[in-house]
Structure formats: structure tokens, C-alpha cells
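The primary structure of each chain is shown beneath.
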Amino acid sequence: MSNSVSPPAEPGVYLFLINFEKTTFGFTCKTVFRGTEPGQVFLEGTVNFKNVLISEYGEEYEKRKGILVFEWVNLGQTEFLNTDISKIKFRDATWDNQYDLFMFGGWRSRLHDEKKWRNERAKQKGQEVDNKYLTQLSLLYRELKKHYLESGEIHLVGHFHYGVMNVLLRQKENEQLKQFSGLRQKIKKFFSCFWLNLYKYSSGFGEDYALAGTWVLALLIVFGVIYFVCGVPKENSNPSALVQLANSLFYSFQAGTLSRVAFYKEMNIGLSARFFHLLESILVPAQFAFFVIALRNRFRR
């Protein structure tokens with residue numbers, strides 16, 4: 001293990017790098033990094049935990065299922081690339097918080113390695129950076145998802161499932177870049193990743209029920225406005241614009257609801273309105289299904 005200090009960014013300010021790269025843990029003892037309060041250890045600076053070897057020496061350590069323990073540790077700037085984290089036990093660890101509009105109300109927990117990957121990919125074109133990071137990121141996120149599912153910290157399971165699916169989406173895009181070129185590449189890429197992208201932006205890969213529910217309401221309102229423009233539903237009286245808008249919104253609910261509650265009859269409706277009615281009767285129930293899946297994923301755990 002070695003600790004190093006980078007040159008000061010400004011007078012009196014030092015950025016620390018704690019380096020555990022290629023360190024071996026577990027031959028003779030169990031190692032515990034523990035803070036006296038949440039997020040206290042590794043609070044500032046970058047921690048290099050790449051290519052670390054965690055030994056399974058001796059049955060005693062096998063039974064403990066945790067030769068290395070991180071408890072109340074801030075891992076927001078810790079890299080784990082090429083390290084088998086299945087042998088690490090995380091207790092109330094703090095991860096890098098990333099703003100994400102399509103996930104968990106605007107943020108999610110992620111690995112610092114993902115941030116490094118995105119930064120390097122922004123600077124360097126081509127697939128070299130993806131080849132370096134994606135397989136490892138997939139393994140790391142799968143292990144974290146499994147660990148938190150077993151440990152009971154279920155609020156983080158969905159965050160790391162989102163990380164797994166994001167990596168899978170990028171890998172599928174790269175497959176199309178290798179197989180095809182030009183217009184054919186773009187078309188194949190669009191259709192091969194269409195469903196994954198739809199799953200992501202409609203429900204955060206089945207993990208964000210708030211996002212999925214918002215889309216359900218948005219679709220009902222959008223189609224309600226369309227019906228208002230089409231003059232649907234038509235009544236014998238001449239209602240005010242506000243009343244007509246309310247009627248159109250109720251008609252939209254009638255078209256989109258799974259229970260098919262009939263507030264209005266469908267007679268004397270033009271072809272365009274019938275088309276939108278059919279389209280809504282497909283899209284809204286499908287989006288509602290995403291909402292149910294996300295709600296189930298969040299609370300079944």
C-alpha cells in the first residue's frame with residue numbers, strides 16, 4: 001500500500017490519492033475500514049482500489065464471508081476496476097451520487113469507475129475506452145446488486161440494476177458499430193436498442209415508478225388536448241372551451257383506462273379521432289404496465 005499527495009491546486013490546498021492498487025488482503029487477518037460516523041473514511045481525495053487481490057486463505061475466513069469490510073465509508077471517489085468485490089462486505093457505504101433525470105427522482109448511486117469511463121469516453125473517440133471499462137463495470141454492478149439484495153439495503157438494489165442495464169445498452173450499441181457501417185448501421189442500431197431505450201426512458205429500466213407514472217399522466221393529458229383540438233367528444237349543446245377541454249380529458253381517460261369506463265359514446269367521431277383513440281388505447285396501458293413493474297420492483301424487495 002502506498003499513499004501519495006499530488007501538487008497543491010492552490011496555496012494550502014492538497015488533493016490526496018490513497019493507493020491500494022495490487023495490494024493483497026486476507027492472508028493472515030480480516031481487514032476493516034470503519035468510520036465513527038457515516039461517510040467519514042475516504043471523505044476527501046481519490047482512492048485507488050484497482051487490481052486488488054483478496055485472498056480466500058483458510059476456512060475460517062471463508063465462513064465469515066467478508067475478508068474485507070467497508071463500514072461507514074465514503075466510496076464516492078474510489079475505483080474498483082479489476083477487483084473482485086464479491087469478497088468485500090459493504091455496510092452503510094456512501095457511493096458517488098449522479099444526477100439522472102430518468103432515475104429515482106433525479107439522482108442515483110453509481111461507481112466512481114463509471115464517472116471515469118464517461119469522462120474518458122468524452123475525451124477519446126472509438127471503442128478502446130469501452131473495451132477497457134464496460135465488461136468490468138457490468139461485473140461490478142452485478143456484484144453490488146447481489147450484495148445489497150442479500151444484505152437488506154434494498155434501496156440501492158435498483159440503483160445498481162440501472163447501472164447494469166446502462167452498460168448492457170452501450171454494449172449492444174457497440175455490437176452494431178462492429179457489424180455494420182453507414183446508414184445500415186444507424187438503422188440496425190436504432191431497432192436493436194429501441195426496446196432497451198424505451199425501457200430506460202419510460203421507467204428507468206423498471207426501477208422508477210414515479211417516472212413511469214408521470215408518463216401515464218402525460219399521455220392522458222396529451223391525448224386529451226388532441227381530442228380537444230379534434231372537437232371530441234361532440235355534444236348536442238355548445239359547451240364553453242373550458243368545459244369542452246374537461247370533456248376531452250375525460251374522454252382521454254376513457255380511451256386509456258384499463259377498466260374501459262365509458263363516459264361518452266363513440267358515435268359521430270371522425271377518422272383522425274378514431275386513430276388517436278386506438279393509439280392511446282395501446283400506449284397508455286403499455287405505459288401503465290411499466291408503472292406496475294417499477295412499483296413491484298421497488299416494493300417487493
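Residues numbered from 1 in each chain as written. Predicted model: local features only at pLDDT ≥ 70, side-chain atom pairs only at ≥ 80, totals over all residues. Heavy atoms only, no water.

Some points on helix H8 (residues 271-299)
Operational definition: Strands here mean DSSP runs of E at least two residues long; helices mean DSSP runs of H or I at least four residues long; both are numbered from the N terminus. Every helix has an expected span of 1.5 Å times one less than the residues it contains. Throughout, exposure labels follow a simple rule: accessible area from a 1.4 Å probe, protein chains only, divided by the maximum for the residue type, with under 20% read as buried, over 50% as exposed, and the rest as partly exposed.
Relative to the 42 Å expected for 29 residues at 1.5 Å per residue, H8 spans 42 Å between its end C-alpha atoms, a close match to the ideal helical length. Turning to H8, its buried residues are Ala273, His277, Glu280, Ser281, Val284, Pro285, Gln287, Phe290, Ala294 and Asn297.

Focus on a nonpolar patch on the surface
The test is simple: For patch building, the residue pool is restricted to those with more than 30% relative accessible area and no salt bridge; the joining distance is 9 Å between like charges and 5 Å between nonpolar side chains (Val, Leu, Ile, Met, Phe, Trp, Tyr). Where accessible areas are quoted, they stem from the Shrake-Rupley method and a 1.4 Å probe; at the residue level, only the protein chains shown are allowed to cover. Salt bridge criterion: a side-chain nitrogen from Lys or Arg within 4 Å of a carboxyl oxygen from Asp or Glu.
Taken together, the side chains of Ile221, Val225, Phe228, Val229 and Leu249 make up a nonpolar region of the molecular surface, amounting to roughly 430 Å² of accessible area. The dominant element in the nonpolar patch, judged by the number of residues it contributes, is helix H6 (residues 209-230), at four residues. Tracing the sequence through the fold places Val229 in helix H6. With relative accessibility at 67%, the residue Val229 sits in the exposed group.

Concerning the side chain of Glu79
Basically, it comes down to this: Contacts: residue pairs with any heavy atoms within 4.5 Å of one another.
As for its placement among the helices and strands, Glu79 is situated in strand E8 (residues 78-79). For Glu79, a relative accessible area of 7% gives the class buried. Not counting chain neighbours up to four residues away, the residues in contact with Glu79 comprise Thr46, Val47, Asn48, Phe49, Lys50, His112, Asp113 and Lys116.

Focus on the pattern of salt bridges
Within this structure, the stated rule accounts for ten salt bridges. Glu71 is the partner of Arg34 in a salt bridge, and the nearest nitrogen-oxygen pair spans 2.9 Å. Residue Arg34 is found in strand E4 (residues 31-34), and its partner Glu71 is found in strand E7 (residues 68-71); the two are separated by 37 residues along the sequence. A salt bridge links Asp84 to Lys87; the shortest N-O distance between them is 3.8 Å. Several salt bridges share partner residues, and in doing so they unite Arg34, Glu71 and Arg91 into one network.

Things to note about the layout of surface pockets
Selection rule: The distinction between a cavity and a pocket rests on a 1 Å grid over the protein atoms alone: a 1.4 Å probe fits inside a cavity but cannot get out, while a pocket stays open yet meets protein on both sides within 12 Å along at least five of seven lines, and a residue with an atom within 4 Å of a point counts as lining. Grid points are joined across faces, edges and corners, and a volume is the space filled by probe spheres set on the points. Polar here means any residue outside two lists: the nonpolar Ala, Val, Leu, Ile, Met, Phe, Trp, Tyr, Cys and Pro, and the charged Asp, Glu, Lys and Arg; Gly therefore counts as polar.
Taken as a whole, the second largest pocket spans an internal volume of roughly 190 Å³. Together, Leu198, Tyr201, Ser202, Trp215, Leu219, Leu283, Ala286, Gln287 and Phe290 line the second largest pocket. Of all the elements in the fold, those that place two or more residues in the lining of the second largest pocket are helix H5 (182-203), H6 and H8. Of all the elements, H8 adds the most residues to the lining of the second largest pocket, at four residues. Broken down by class, the residue content of the lining of the second largest pocket amounts to seven nonpolar, two polar and no charged.

With respect to the environment of Gln124
Turning to its location among the elements, Gln124 is positioned in the loop between helix H2 (112-123) and helix H3 (128-151). Judged by relative accessible area, which is 32%, Gln124 ranks as partly exposed.

Let's talk about the side chain of Asn74
Heads up, the condition is: Polar contact is defined as a pair of N or O atoms within 3.5 Å, subject to the rule that within protein one atom must be able to donate a hydrogen and the other to accept it, and that residues adjacent in sequence are counted only when both atoms are side-chain atoms.
Mapped onto the elements of the fold, Asn74 is located in the loop between E7 and E8. On the basis of relative accessible area, Asn74 is assigned to the buried category, the value being 15%. At 2.9 Å, the side chain of Asn74 forms a polar contact with the backbone nitrogen of Gly76.

Concerning the sheet that holds E7
The test is simple: Whether two strands pair comes down to DSSP finding at least two bridges between them. Only the contacting stretch of a helix is used when fitting its axis, a line to C-alpha atoms as for every element, and angles between N-to-C directions run 0 to 180 degrees.
Read from one edge to the other, the open sheet built from three strands follows the order E4-E7-E9, with strand pairing classed as parallel. A single partner strand is all that each edge strand has here, and the edge strands are E4 and strand E9 (88-91). Neighbour to neighbour, the strand axes of the sheet diverge by 10° on average, direction disregarded. Relative to E7, E4 runs parallel, the two being bridged by four bridges.

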